[in-house]
Structure formats: C-alpha cells, structure tokens
Amino acid sequence: MGITGSIAAYKSILLVRLLVKAGAEVKVIQTSASRDFVSPLVLSTLSKNPVLSDLSESDAWANHVMLGRWADLMVIAPLSCNTLSKMATGVCDNLLMAVYLSSTCPVTVCPAMDEDMWLHPTTRRNLTIIANDSVSIIPVGHGELGSGLVGEGRMAEPEQILEAIALQLNPHSKPLEGKRALVTAGPTYEPIDPVRFIGNHSSGKMGIEIADALCKAGADVTLILGPSAERPKCSKVNVVNITTAVQMFEAVKAIYYNTEIGVFAAAVADYRPENAFESKWKKDGNTNPPTIKLVENPDILKYCGEQKKEGQCLVGFALETDNEEANALKKLKSKNADLLVLNSLKDEGAGFGTNTNKIAIFGKKGNKKAFPLLKKSEVATEIVNAIIAELS
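Residue numbers here run from 1 along each chain, matching the order of that chain's written sequence. Under the rules for a predicted model, residues below a pLDDT of 70 receive no local features and side-chain atom pairs below 80 are neither given nor counted, while totals for whole chains, interfaces and linings still include all residues. The side-chain figures draw on all heavy atoms in the structure; neither hydrogens nor water molecules are used.

Bringing helix 9 (residues 205-216) into the picture now. Its 12 residues give helix 9 an end-to-end C-alpha distance of 16 Å, which sits within 8% of 16 Å, the value for a rise of 1.5 Å per residue. Of all 12 residues making up helix 9, 11 are buried, and the element is well covered by its neighbours. For helix 9, the complete set of buried residues consists of Lys205, Met206, Gly207, Ile208, Glu209, Ile210, Ala211, Asp212, Ala213, Leu214 and Cys215. Any pair of residues with heavy atoms lying within 4.5 Å of one another is described as a contacting pair. Where helices and strands are cited, they refer to DSSP runs of H or I of at least four residues and of E of at least two residues respectively, numbered from the N terminus. Taken together, the buried residues of helix 9 touch strand 10 (180-185), strand 13 (220-225), strand 15 (261-264), strand 18 (313-320), strand 20 (356-357) and helix 13 (376-391). Trailing helix 9 by a residue or two, glycine 218 shows a phi angle of about 105 degrees, which is positive. Multiplying one less than the number of residues by 1.5 Å gives the expected span of a helix. Per-residue accessibility, obtained with a 1.4 Å probe over protein chains only, is compared with the maximum for each type, and a residue is labelled buried under 20%, exposed over 50%, and partly exposed between these values.

To continue, consider the pairing of strand 18. Most of strand 18 sits out of view: 7 of its 8 residues are buried. With 6 bridges joining them, strand 18 and strand 19 (residues 339-344) adopt parallel strand pairing. The residue bridging leucine 319 from the neighbouring strand is asparagine 343, located in strand 19. Between strand 18 and its parallel partner strand 19, the chain crosses via helix 12 (residues 324-334), and the hand of that crossover is right-handed. At least two bridges found by DSSP between two strands is the condition for calling them paired. When the strands point away from the viewer and the connection leading from the first strand across the helix to the second strand turns clockwise, the crossover is called right-handed.

With that out of the way, let us pick up the confidence of the model for the protein chain. pLDDT is defined as a per-residue confidence score from the predictor, taking values between 0 and 100. Taken over all residues, the pLDDT of the protein chain has a mean of 90, while the share at 70 or more is 95%. Taken element by element, the protein chain is modelled with least confidence in strand 4 (residues 60-61), mean pLDDT 58, and with most confidence in strand 15, mean pLDDT 98.

What follows is about the packing of helix 1 (residues 9-21) against helix 2 (residues 40-47). Here an axis means a line fitted to C-alpha atoms, over the contact stretch when the element is a helix, while the angle between two N-to-C directions is reported on a 0 to 180 degree scale. Close contact between helix 1 and helix 2 brings their axes to 9 Å; oriented N to C, the two are set at 10 degrees. In terms of orientation, helix 1 and helix 2 fall into the roughly parallel class. The chirality of how helix 1 crosses helix 2 is right-handed. Seen from helix 1, the contacting residues are Ile13, Val16 and Val20; seen from helix 2, they are Val42, Leu43, Leu46 and Ser47. What sets the label is the angle itself: under 35 degrees gives roughly parallel, over 145 gives roughly antiparallel, 65 to 115 gives roughly perpendicular, and the rest give oblique. By convention, the crossing between two helices is left-handed when the near helix turns anticlockwise from the far helix through less than a right angle, and right-handed when the turn is clockwise.

Glancing now at the state of the cysteines. Two cysteines joined by a covalent bond between their sulfur atoms form a disulfide. Cysteine sulfurs are considered disulfide-paired once they come within 2.5 Å of each other. Tallied over the entire structure, the rule returns 1 disulfide. Here cysteine 215 pairs with cysteine 234 through a disulfide, and the sulfurs are 2.1 Å apart. Remark: cysteine 234 occurs in the loop between strand 13 and strand 14 (238-241) and cysteine 215 occurs in helix 9; sequence separation between them is 19 residues. For the pair formed by cysteine 215 and cysteine 234, the shared burial category is buried. Note on cysteine 304: no disulfide assigned, nearest cysteine sulfur contributed by cysteine 313 at a separation of 12 Å.

Two numbers describe how helix 4 (residues 81-89) lies on helix 7 (residues 121-132): the axes approach to 9 Å, and their chain directions differ by 50 degrees. It follows that helix 4 is oblique to helix 7 by the angle criterion. Crossing of helix 4 against helix 7: the hand is left-handed. Of helix 7, the residues touching helix 4 (which contributes Cys81, Leu84, Ser85, Met87 and Ala88) are Thr123, Asn126, Leu127, Ile129 and Ile130. When its residues are assigned to classes, the contact of helix 4 with helix 7 shows 7 nonpolar, 3 polar and no charged. When residues are grouped by polarity, Ala, Val, Leu, Ile, Met, Phe, Trp, Tyr, Cys and Pro land in nonpolar, Asp, Glu, Lys and Arg in charged, and all others, Gly among them, in polar.

Bringing the pattern of salt bridges into the picture now. Between side chains of opposite charge, pairing is possible as soon as their charged atoms come close. The salt bridge criterion pairs a side-chain nitrogen of Lys or Arg with a carboxyl oxygen of Asp or Glu, the two atoms within 4 Å. Following the criterion strictly, the structure yields 12 salt bridges and no others. Between aspartate 193 and arginine 196 there is a salt bridge; the shortest N-O distance is 2.5 Å. Given a relative accessible area of 4%, aspartate 193 falls into the buried group. Between aspartate 299 and lysine 335 there is a salt bridge; the shortest N-O distance is 2.4 Å. Of the two residues, aspartate 299 is situated in the loop between strand 17 (294-296) and helix 11 (300-307) and lysine 335 in the loop between helix 12 and strand 19; the sequence distance between them amounts to 36 residues. Each of Lys11, Arg154 and Glu157 takes part in a single network of salt bridges with overlapping partners.

The next thing to look at is the environment of valine 268. Considering the arrangement of structural elements, one finds valine 268 in the loop between strand 15 and strand 16 (271-273). The exposure class assigned to valine 268 is partly exposed, which follows from its relative accessible area of 26%. Along the primary structure valine 268 and aspartate 299 are separated by 31 residues, whereas in three dimensions their C-alpha atoms are 8.8 Å apart. Excluding anything up to four places from it in sequence, valine 268 contacts Thr188, Ala245, Met248 and Ile300.

So, on to the nonpolar core. Only buried residues count toward a nonpolar core. Its members are Ala, Val, Leu, Ile, Met, Phe, Trp, Tyr and Cys residues joined through side-chain atoms within 4.5 Å. In terms of nonpolar packing, the biggest core is built from 62 residues, with Ile210 and Leu214 touching the most fellow members. Residue contacts for isoleucine 210: discarding those within four places in its chain leaves Val183, Val263, Ala265, Phe317, Ala380, Ile383 and Val384. Phe249, Tyr256, Leu301 and Ala360 belong to the second-largest nonpolar core, a separate cluster that totals 23 residues.

A few words now on unusual backbone geometry. Residues alanine 77 and proline 78 are joined by a peptide bond in cis, for which omega reads 0 degrees. Its place among the elements puts proline 78 in strand 5 (residues 74-79). One non-glycine residue with positive phi stands out, namely lysine 48, at about 65 degrees. Exposure remark for lysine 48: the relative accessible area of 64% places this residue in the exposed category. For asparagine 323, which is not glycine, the phi dihedral falls at a positive 45 degrees. The topology assignment puts asparagine 323 in the loop between strand 18 and helix 12.

This is how it looks when you write it as structure tokens:
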C-alpha cells in the first residue's frame, strides 16, 4: 500500500487496520511528503511490518523488484496529483514509483485532491493515461475538502476502498448470483416505409458491456437489444432482438415483473410515424414531399418505475447536451429510478459509437459519483458495483 502527500492520508490509517483485520498481509510504502501527515510508527504498528520509504536505509536496500512481485495487489491511497503525474509519465524518483514500475500485480489508486486540481485538464489527461495502463481508479467523493471548500476530490472512504479491493482480489465471487437482470441496449428504428426509418446513432456498446458485467457478477441476464452489430461476450446472456420501441416495450413488459435488476441503457426513439407507408415512397417532381405525423412512443423507464416492487433496482440513463445535472436529477425523480447514469455529448470520448465513456451516477438520496473518462467495460463495472451497493 502506497501513501502519498495528502491530508487524506489520515484515512489510510483506518484502511490499513481494515485490511489487516480482513486477513491481508500489508506492507506500507510512504513518500517523504506523506510523513508530514501520518506517522510511520502508527502505520508499522497497525500493519505489523516495517514502513518503507527510501530506496536504501542504513546498510539495507529496499528491493523494489521483489516488492513489486510480492504483492497480490498494489493500492495507492491517497493518490496525490503529484504522484498521479509521475505515474502517467514514468518518473521514478522514489521507492513508491520504483515499486509501481516494477509491479506485476494489479494496481488500484484512490485519488485525493482539491476540486480545482481534480477538474484540471492535466489531471483528466493523466487519469486517462493510467486508466489505459490498466490501473483501476476508485472514484473520488463529494464533500468538504482540505481547503475548506465543498466539492469533488475527497478520497473514497476506507470501507468503500476495502469493498473494491475485496472484489479485485476475488474476481470469481458472484455477488449477484441468483439475481435476474434485464438490460436494454442499442437504438430503436421507427419505420417510415420499408426502406427508411427514424433512428439514432447508438451502437449499443454501453448496454452490452453492462450485460456482460452483470453476467460476470453472477446475474441471470436478459438483454433486449435494438438494431446493432455488437454482441455480448458472455455466452450466458440471453439476447432478445427487437427493432422498434413498441417491440422493446412489449419485450420488457413480458419479463420485468420477474427481475430484481432493470438497467435501461437503450436509446429509445421518443416518437414514431403514426402510419408507415406500405411501399417505398417514391420522389415525384409532380407531388409535394410527404407529411409524416408522429405519435409518442411508450415511456419504458416510466412504466417500469410505476411497476417497481420492493427489492427491485431500477437504473435509468440520461444523455444530455444542456443543463445536464438538473435534467438528470429531474429524470431520476420523475421515473422513480433508484440510480440515474448521466453522460454528456459535450464530453470528448463519451456518447454514441465510442469505446470510452464519462459518466456520473446519481442516487435517490442525493448522492453523486463522478468518474473520469474510462473504457466502457470499466464504466460497466462501476455501474454494476453501484447496483450491488444499492441492493445491499
């Protein structure tokens, strides 16, 4: 476990204690700056191992290569903005960075910094770089910061970090075993005639990744999928193919009552032509263009919110371009959802057709978790973790 220079280092004391109590063998590496915030004596007492800080001490050499191979998991909590920058660029000027660059195990980081630093474009780039290097990032929280301001940047609580570590060390655990999940994904196509349709640019990738993540967590998953070339990797996912919003609505109604989890990630068309032409409409210079009257499609998420039973977890999605957070909170309440996943078309790398996404998850109690730009598979894992937390 690496500890860097941040006021959040006080939480690391409890995290070490929780890890040892859970049966883990913990070796702590401190940067020199972190010793201003937390005592090596406290950490060595709780971890039952000497605290390491320098590449060499007296006549002894801290073998960073062996340390990097010894651990089953390397956790850096808190991760300061300075150490994040070093990880992204490969600067190796202390023992912690030497161990990081030598590690053969998975690495998890818990950022902690003031909101302005957290939101700075340089920090966002560095987070993306280490995420692409397969470093797991535990999201920051929202609350009072070391500066006295209130905002994003708080290190996750030790109990949350412990839960994430347990899941990483035991990836074969099935926290959703015995649960039935329904996921919608992809676009819907609303026919104008046998050739043309009203649709959108959704690829279905996000919803499919969520179906895969739920399957890995042990859930029995049914994926209701609109027109998409994408397919789930998990062979146990039951795929129901549909084309129109009405078809998706009927498929949802048939099984939603018998599920514990509903994730509605599909980009469903709000409207459809009232009457589709039976034959292809032919352009004719002697006639005016056709007038297409639209009617409203069923609101699938609203229906499920109205039908929701005790013990069901309902997750909605909001893709916004303006007043993102206000619209997301309004949708969360009006649809009676338990969780609402927001992403914005204004965020580069997020939205339709990409392999990455940047989201925030809102809960009914007003809680919000914002995430950096991540691979959609990683975003799916975070959404499933939020579902697990909600159900428990």
